[in-house]
Amino acid sequence: MLIDDDLLDKVTEQAKASSRLRMNFNLHDSLDAKAQRLLNALEPGTVLPVHRHRETAETYIVLRGSIKVLFYNDDKVLTAEFLIDPNEKEYGIHIPAGQWHTLEVLESGTVIFEVKDGPYAPLQPEDILEPKT
């Protein structure tokens, strides 16, 4: 399968039409796959809770658009921010297992390539953090 503008445009249009303002396009064969590889089209305004993956690291590579990735500690305090924008020569980020994180979408049409170990495991309540305001 070729990952090109046509595919990114298709997934972006699905994200724009989604009430969640995001859409996955899985490249792995099943949710039981040892590696979860996917395109994630994201629109500004999509809400991703601050969360962690206790058992796996996660990697984001921005194919187009830009995001801000935010890291938190166990005390719900923001500890780091990273602008991921290929136009600024910042292409991706590797998030260690157990790291509290979220992202903000900065541009319409943003698409990231996302990878983490499988099988797929939905977030549990203890893996979602409400940050201090």
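If you're wondering where the values come from, they're calculated on a predicted model, not measured in any experiment.

Participant: I'm lost on the sheet that holds strand 1 (residues 22–26) in this one. Help?
Facilitator: Taken in spatial order, the five strands make up an open sheet running 1-2-9-4-7, and their pairing is antiparallel. With partners counted over all chains shown, the strands left at the sheet margins are strand 1 and strand 7 (92–95), one partner each. For this sheet, the mean inter-axis angle between neighbouring strands, taken without regard to orientation, is 20°. Of the pairings in the sheet, the one linking strand 2 (residues 35–42) to strand 9 (residues 110–117) comprises eight bridges and is antiparallel in character. Considered in strand 9, the bridge of Leu 39 is made with Phe 113. Strand contacts of helix 1 (residues 5–17): strand 1, strand 2, strand 4 (58–64) and strand 9, with the helix running at about 135° to strand 1, the strand carrying the most contacts.

Participant: When you look at a nonpolar patch on the surface in this model, what are you seeing that I'm missing?
Facilitator: Taken together, the side chains of Met 1, Ile 3, Ile 61 and Leu 63 make up a nonpolar region of the molecular surface, amounting to roughly 380 Å² of accessible area. Along the chain, the position of Met 1 falls in the segment before helix 1. For Met 1, a relative accessible area of 74% puts it in the exposed group.

Participant: How do you make sense of the nonpolar core when you look at a structure like this?
Facilitator: Of all hydrophobic cores here, the largest spans 13 residues; its most connected members are Tyr 60, Ile 67, Val 69, Ile 93, Leu 103 and Ile 112. Taken together, the elements giving at least two residues each to this core come down to strand 4, strand 5 (67–72), strand 7 and strand 8 (100–105). Per-element accounting of this core gives the leading share, three residues, to strand 5. Those residues in contact with Val 69 that sit more than four places away from it in its chain are Tyr 60, Ala 80, Glu 81, Phe 82, Ile 84, Ile 93, Ile 95, Thr 102 and Leu 103. The next biggest cluster of nonpolar side chains, apart from the first, holds eight residues, and it includes Leu 7, Leu 8, Val 11 and Val 111.

Participant: Honestly, the packing of aromatic side chains in this entry has me stumped. Any pointers?
Facilitator: How two aromatic rings sit relative to each other is given by the distance of their centres and the angle of their planes. In this structure the tally under the stated criterion is one aromatic pair. With 5.1 Å between their ring centres and 65° between their planes, Phe 71 and Phe 82 make a pair best called edge-to-face. Placement of the pair is Phe 71 in strand 5 and Phe 82 in strand 6 (residues 78–84), with a sequence separation of eleven residues. Classification of Phe 71 by relative accessible area gives buried; the value is 9%.

Calculation rules
Residues numbered from 1 in each chain as written. Predicted model: local features only at pLDDT ≥ 70, side-chain atom pairs only at ≥ 80, totals over all residues. Heavy atoms only, no water. Pairing = 2+ DSSP bridges. Helix = DSSP H or I, 4+ residues; strand = E, 2+ residues; numbered from the N terminus. Axes fitted to C-alpha atoms, helices over the stretch in contact; angles between N-to-C directions. Contact = heavy atoms within 4.5 Å. Patch = residues over 30% accessible without salt bridge, like charges linked within 9 Å, V, L, I, M, F, W, Y side chains within 5 Å. Areas by Shrake-Rupley, 256 points an atom, 1.4 Å probe, with all protein chains shown as cover. Salt bridge = Lys/Arg side-chain N within 4 Å of Asp/Glu carboxyl O. Buried < 20%, exposed > 50% of the residue type's maximum accessible area, 1.4 Å probe, protein only. Core = buried A, V, L, I, M, F, W, Y, C linked by side-chain atoms within 4.5 Å. Phe/Tyr/Trp six-rings, centres within 6.5 Å; stacked < 30°, edge-to-face > 60°.

Keep in mind these numbers describe shape, not what the thing actually does.
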